[in-house]
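# Examining the three-dimensional arrangement
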Amino acid sequence: MAADADHLDTVPMISLHEVNKHFGTLHVLKDINLDVSRGQVIVVLGPSGSGKSTLCRTINRLETIDSGTIAIDGQAVPAEGRRLAQLRSDVGMVFQSFNLFAHKTIVENVMLAPVKVRRTGKSQARTEAMALLERVGVANQADKYPAQLSGGQQQRVAIARSLAMKPKVMLFDEPTSALDPEMINEVLAVMTALAEEGMTMLVVTHEMGFARRAADRVVFMSDGAIVEDAPPEEFFSNPKTDRAKDFLGKILNH
């Protein structure tokens, strides 16, 4: 049994190997190699158009790839079919836009996937949904509709909805970029708590404070390639490449 446990620790939770992706003639992902260990938080930084969001979206095949392999917890992610649907349910995804169902209440939004996909009974799904809404700090809004909530509240509901599937991995694609400044911190606080609880996370963001505080590693992308991969203290204090220095200089306003 100990051998099995060792094996679990050595298999990356997310693994991309030689991944390439084109949009027409534009080469948006160039030979991407990236392993994310169980419980690690990876923050992906880089200028606009560097391929960050595309990288995030290929992991659960929202974008197809031209070549290479992607695996979740040791299982290769297929291009289509039932196996893809199964693997996708292990990967939570939170986008810039909240994508909540406008005609369903907050608690119904969170219950929907467990009932439909995991075949969870409705009363159990509701109990679990309420616990998740409590965890992200919006349980008191459970019977409201998305339009009645602030953007920060809606994004926290979107996180709860992803967690309702009990995913192994959470992907965040610029989850705070559509929010007003005062709402950003309430969403980042939920994400920081998730990181502290050991959730494996890949986060595309411009929030440098979150990157410094919560990331195990910072991956810096430029022109479709990973050009740096380092612990945050190393990346922020001593970036190796001119591209990263230039990016940090612009963002941190030295």
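Residues numbered from 1 in each chain as written. Predicted model: local features only at pLDDT ≥ 70, side-chain atom pairs only at ≥ 80, totals over all residues. Heavy atoms only, no water.

## Here we look at the sheet that holds strand β1 (residues 14-23)
What holds strands together in a sheet is hydrogen bonding between their backbones, with the strands either parallel or antiparallel. Taken in spatial order, the four strands line up as β2-β1-β4-β5 in an open sheet, and their pairing is antiparallel. Where the open sheet ends on each side, the last strands, each with one partner, are β2 (26-36) and β5 (75-76). By the bridge criterion, seven bridges tie β1 to β2 in an arrangement that is antiparallel. Across the sheet, residue Phe-23 finds its bridge partner in β2, namely Leu-26. (Pairing = 2+ DSSP bridges. Helix = DSSP H or I, 4+ residues; strand = E, 2+ residues; numbered from the N terminus.)

## Regarding the UniProt feature "domain: ABC transporter" (unreviewed entry) in the protein chain
The feature "domain: ABC transporter" (unreviewed entry), as annotated in UniProt, sits at residues 14-248 in this numbering. The span residues 14-248 is 38% helical and 26% strand by assignment, and the distance between its end C-alpha atoms comes to 27 Å. (UniProt positions renumbered as here; feature names shortened; annotations may be inferred.)

## Comments concerning the packing of helix α6 (residues 151-163) against helix α7 (residues 181-196)
Interaxial distance between α6 and α7 falls to 8 Å at its minimum, and their mutual angle equals 20°. Relative to α7, α6 is oriented roughly parallel. The two elements α6 and α7 meet at a crossing, and its hand is right-handed. Across the interface between the two elements, Gly-151, Gly-152, Gln-153, Gln-155, Arg-156, Ile-159 and Leu-163 of α6 pack against Met-183, Glu-186, Val-187, Val-190, Met-191 and Leu-194 of α7. Residues belonging to the contact of α6 with α7 are distributed by class as follows: seven nonpolar, four polar and two charged. (Axes fitted to C-alpha atoms, helices over the stretch in contact; angles between N-to-C directions. Parallel < 35°, antiparallel > 145°, perpendicular 65-115°, else oblique. Left-handed = near helix turned anticlockwise from the far one by under 90°. Contact = heavy atoms within 4.5 Å. Nonpolar A, V, L, I, M, F, W, Y, C, P; charged D, E, K, R; others polar.)

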